[in-house]
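Letter by letter, the chains look like this.
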Amino acid sequence: MNALPILIGALCVIAIAYRYYSAFLAAKVLALNDAAKCPSETHYDGHNFYPTNKYVLFGHHFAAISGAGPLIGPVLAAQFGFLPGLLWLLIGVTLGGAVQDFMVLVGSVRRDGKSLAEMAFGEISSLSGIVAGVAILFIVVIAIAGLGLVVVNALAESPWGTFTVAVTIPLALFMGLYMYRFRKGKIGEASAIGVVVLLVAVWAGGVLAESSWAEHFTLSKHALILWMAAYGFIASVLPVWMLLCPRDYLSSYLKIGTIGFLVVGVLLVNPNLEMPAITPFVDGGGPILSGKVFPFVFITIACGAISGFHALVGSGTTPKMITKEGDCRMIGYGAMLMEGVVGIVALVAATSLFPGDYFAINSAQATPEQRTRYESMVATHNHAGFDLAPKELERLEQESGEKNLRGRTGGAVTLAIGIAKIFDAIPGFSGLMKYWYHFAIMFEALFILTTIDTGTRVGRFLLGEFMGRRVDKRFAKHDWLPGSLLTTGLICFGWAALIWGGSISTIWPMFGIANQLLACVALCVATTILINTGKGRYAWTTLMPLAFVATTTLTAGYMSIRDNFMAMTRVESTATQGWINVILTAVLMTAAIIVIVDSMRRWIDRGRDRPAQPAAHTN
C-alpha cells in the first residue's frame, strides 16, 4: 500500500482535532481566561518561575515531551503490521494524549504550578497524594532510564552524533544569555544564530568523524552514561532560562524541521508500505514483542498516543513559564498532536522496509542459539506465505556504511535506515545514504536527550515537594540550593544506575507499563478537577481515555509478570532483573489501582455533596 494517502489522511484528522476538539475543550470544558494571572507572574523568581514567549515555550515543551516513545515505540510495534499502530496513534493522540496534556497543564497553572502528585493530594485525598508521589518518583526514574538507554545505544561509538549533541550545550547557553541578558527579547536574532550554528555543527560532525579528532568523541556506553548524568545534573540546577529552555527550543528546530522534511519526502517519494496491514504476529510469538497485539501495542506505542510522562512536564517546568492561560491550548494540546505526527512518520519509515529486512535488523542474533531461532522463524513463515527473506539488507549495509545491520535491536537503527532510505529516494538527494543514516542517528539522540534534562528537573521538583512535606519544609522551595543539589543528585544517580546495568529488553517493557500507569493517575487527577470545579458534565472527556488506558495497561502488566518477568526469574543470568521487574510492576499496578479506586470514591462523595461551585483560580 502507498504511504501518501495514509499520511494525508492522518494529517487531516489531526488538523481537525486541533481546530474543533481542542477549541471545545478550551472554551467549554476549561473556560480559559487570559485575564487570570499565571504562576510565572505571581511567583516570579527569575529561576524556575519565568514568563516565557509562547513559541519558545512551545519549543521547550515539545522537545521535553517528545522522547524515545514516538520514535522507537511505533518502530517496535510495526511487528504487528502498520494498521494497529496507525489506529492507536490517531485515536490515542486526539482523544487521549492531547486531552491529558492540556487538562493537566491548565490544572497546574491554576494551582500555582503544582506537580501532579501535589494536585492528587489536594484534589483527591492525602492517600492518593502519598501513593501517587511515591509511584511517580519510581516512574520518573524508570522513564528517564528507558529514554536515556536509547541515547546511549545511538551515540555509543558515534563521534558524529556525539559532537553535534555536545555543540548544542554551549550554543544553548549562548542563546539563553543572548535572549535574556545581552539582547533581551530578541528571540528572532537568537533563533537565527542558533539554527545556523546547529546546521554547521551537523555538517562539521560528518567532517570530524573522518578525521583524527574522531577518537576524542568516540565514547563507550559507560562514558556516555556518566557524561549524560553530569549534563542532566547541571541542566536541572541552573536557572531554567539559561540552559534547559533555550536548548530545548533550539532542539525543537531540528526535531520539527527533520520531521517536516520527512513528511515532504514521503509526499514526494510516496513509498510503498512493504509491511502488511496485519502480520501473523498479532496472535503473539513475535521476535520483538512476544505478546499479542492486545494489549501490548498500547504500551509499546506510548508517547506518540498518550504518555503519563507528559503530565510531569505539564505540571513541572512548563506551567511555571506560561504567560497567559490561552497559550495552554497551543502548548498543551498542540505539542502532543505534533508528537503524534512524529509517531506516524516513524511508523511509515519503519514499515517502508521489506519485512525480511525489518525482522533481520530487529531480531536478536548475537549467539548461535539466537541465530538458530531467527532462521527457524524465517523458514516457518516463508513456508506459511509470509516472506521474511531479506531483500535489500546487503545494499543497505553497503550504502549506509554499516558493516552489519543484522541483530541491531532496539528500534533506533531500523528507524535511521528507514529515514535514510526515504531521504535517499528524493530527487536530487540520492547517493547520500551514508550521510542520511548518520544524520538520522544524531537526530534520534538529540530528539531524546532533551527529554532527559527536563525529566531530571521534574524529578527534582517531585522529590523536593515530597521531602518538603515529610522531611524539611525547605526542600519544597525550588530555589533552595542545598535541596536542589541533593534531590537532583539522587534522581540522576537512580536513572544512571538503571541504564548502567540494564538493556532495552529489560528496561523498555517496564517503561511502557510505568508510563501508561502514570497516564491513568494523570487522568484521574484531571477528572477529579473537573468534578470538583463544577464541570462534571464534561468528565467524559477524561473518563473515556482513562477507562481504556487503565484496562489495557493493567492487563499488559499482569501478562508481563505472568509470561515474561517470571520467566526471567527462572534463569540464573536474568533472575535479579526479573525479580526487580516483577516487584516494580506489581507495586506500580497496585499504586495505580489505589488512586483509581480512591478517585472513584471522591467522585461519588462529591455527587452526594452540595452543588459544586464554579471553578476558581487559586492565584
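Residues numbered from 1 in each chain as written. Predicted model: local features only at pLDDT ≥ 70, side-chain atom pairs only at ≥ 80, totals over all residues. Heavy atoms only, no water.

1. Some details on the packing of aromatic side chains
Next up, step 1: Enumeration over the complete set of coordinates arrives at 22 aromatic pairs.
Next up, step 2: Between F24 and Y538 the ring centres are 5.8 Å apart and the planes differ by 80°, which places this aromatic pair in the edge-to-face class. Remark: Y538 occurs in the loop between α21 (504-532) and α22 (540-569) and F24 occurs in helix α1 (residues 3-29); sequence separation between them is 514 residues.
Next up, step 3: Centroid distance Y44 to Y50: 5.8 Å. Interplanar angle 40°. Geometry classified as tilted.
Next up, step 4: Among the aromatic residues, those joined into a cluster by ring pairs are Y21, F24, Y538 and W540.
Next up, step 5: The ring of Y20 has R19 sitting right over it, with the charged end atom 4.8 Å from the ring centre.
Next up, step 6: Taking NZ or CZ as reference, R329 lies 4.7 Å from the ring centre of Y18, over its face. (Phe/Tyr/Trp six-rings, centres within 6.5 Å; stacked < 30°, edge-to-face > 60°. Helix = DSSP H or I, 4+ residues; strand = E, 2+ residues; numbered from the N terminus. Lys NZ or Arg CZ within 6 Å of the ring centre and 35° of its normal.)

2. Describing the pattern of salt bridges
A side chain with one charge can pair with a side chain of the opposite charge if their charged atoms come near.
Next up, step 1: By the definition in use, this model includes 11 salt bridges.
Next up, step 2: A salt bridge links R373 to E369, with the nearest nitrogen and oxygen atoms 3.2 Å apart. Here E369 and R373 lie together in helix α16 (residues 368-383), a separation of 4 residues that amounts to about one turn.
Next up, step 3: Judged by its relative accessible area of 55%, E369 is exposed.
Next up, step 4: E392 serves as the salt-bridge partner of K421, at 2.7 Å between the closest nitrogen and oxygen. Placement of K421 in helix α18 (residues 412-424) and of E392 in the loop between α16 and α17 (393-400) is noted, with a sequence separation of 29 residues between them.
Next up, step 5: Look at K421 and you get buried, because its relative accessible area is 19%.
Next up, step 6: Take E392: its relative accessible area is 18%, and that puts it in the buried class.
Next up, step 7: Look at the salt bridges and you will find they share partners, linking E392, R395, E399 and K421 into a network. (Salt bridge = Lys/Arg side-chain N within 4 Å of Asp/Glu carboxyl O. Buried < 20%, exposed > 50% of the residue type's maximum accessible area, 1.4 Å probe, protein only.)

3. Structural notes on the side chain of T258
Next up, step 1: As for its position among the elements, T258 is in helix α11 (residues 244-269).
Next up, step 2: What T258 contacts, discounting residues up to four positions off in sequence, is Y253, F423, F439 and F443. (Contact = heavy atoms within 4.5 Å.)

4. Thoughts on unusual backbone geometry
Next up, step 1: In the segment running from F294 into P295, the intervening peptide bond is cis, with an omega of 10°.
Next up, step 2: Residue position: P295 is located in helix α12 (residues 293-300).
Next up, step 3: Backbone geometry at A31 places phi at a positive 50°, although glycine is not the residue there.
Next up, step 4: Relative to the assigned elements, A31 resides in the loop between α1 and α2 (39-42).
Next up, step 5: Here A31 falls in the partly exposed class, since its relative accessible area comes to 35%.
Next up, step 6: Of note in the backbone geometry, N270 takes a positive phi value of approximately 50° without being a glycine.
Next up, step 7: Within the secondary structure, N270 is located in the loop between α11 and α12.

5. Topic: helix α15 (residues 355-362)
Next up, step 1: Counting buried residues in α15 gives 8 out of 8 residues, a clear majority hidden from the surface.
Next up, step 2: Taken residue by residue, α15 has P355, G356, D357, Y358, F359, A360, I361 and N362 as its buried positions.

6. A short note on a nonpolar patch on the surface
Next up, step 1: Together, L83, L87, I91, L95, I278, W540 and M544 give the surface a local cluster of nonpolar side chains, amounting to about 620 Å² of exposed area.
Next up, step 2: Counting only elements with at least two residues in the nonpolar patch, the list comes to α5 (82-109) and α22.
Next up, step 3: Ranked by the residues each element gives to the nonpolar patch, the list is headed by α5, at 4 residues.
Next up, step 4: Relative to the helices and strands, L95 is located in helix α5. (Patch = residues over 30% accessible without salt bridge, like charges linked within 9 Å, V, L, I, M, F, W, Y side chains within 5 Å. Areas by Shrake-Rupley, 256 points an atom, 1.4 Å probe, with all protein chains shown as cover.)

7. Section: the packing of helix α3 (residues 54-65) against helix α14 (residues 327-351)
Next up, step 1: Viewed as axis vectors pointing N to C, α3 and α14 meet at an angle of 40°, and their least axial separation amounts to 9 Å. On the basis of the axis angle, α3 is oblique to α14. In the packing of α3 onto α14, the handedness of the crossing is right-handed. Facing K54, Y55, L57, F58, H61, F62 and I65 of α3, the residues of α14 in contact are D327, M330, I331, G334, A335, M336, M338, E339 and V342.
Next up, step 2: Grouping the amino acids of the contact of α3 with α14 by side-chain chemistry returns 11 nonpolar, 2 polar and 3 charged. (Axes fitted to C-alpha atoms, helices over the stretch in contact; angles between N-to-C directions. Parallel < 35°, antiparallel > 145°, perpendicular 65-115°, else oblique. Left-handed = near helix turned anticlockwise from the far one by under 90°. Nonpolar A, V, L, I, M, F, W, Y, C, P; charged D, E, K, R; others polar.)

8. Description of the side chain of D357
Next up, step 1: Tracing the backbone shows D357 in helix α15.
Next up, step 2: Despite its burial, D357 pairs with no opposite charge, the nearest such side chain being K421 at 5.7 Å.
Next up, step 3: Separated by 3.0 Å, the side chain of D357 and the backbone nitrogen of E392 make a polar contact.
Next up, step 4: Residue contacts for D357: discarding those within four places in its chain leaves P390, K391, E392 and L393. (Lys, Arg positive; Asp, Glu negative; His and termini not counted. Polar contact = N/O pair within 3.5 Å; in protein donor to acceptor, adjacent residues only side chain to side chain.)

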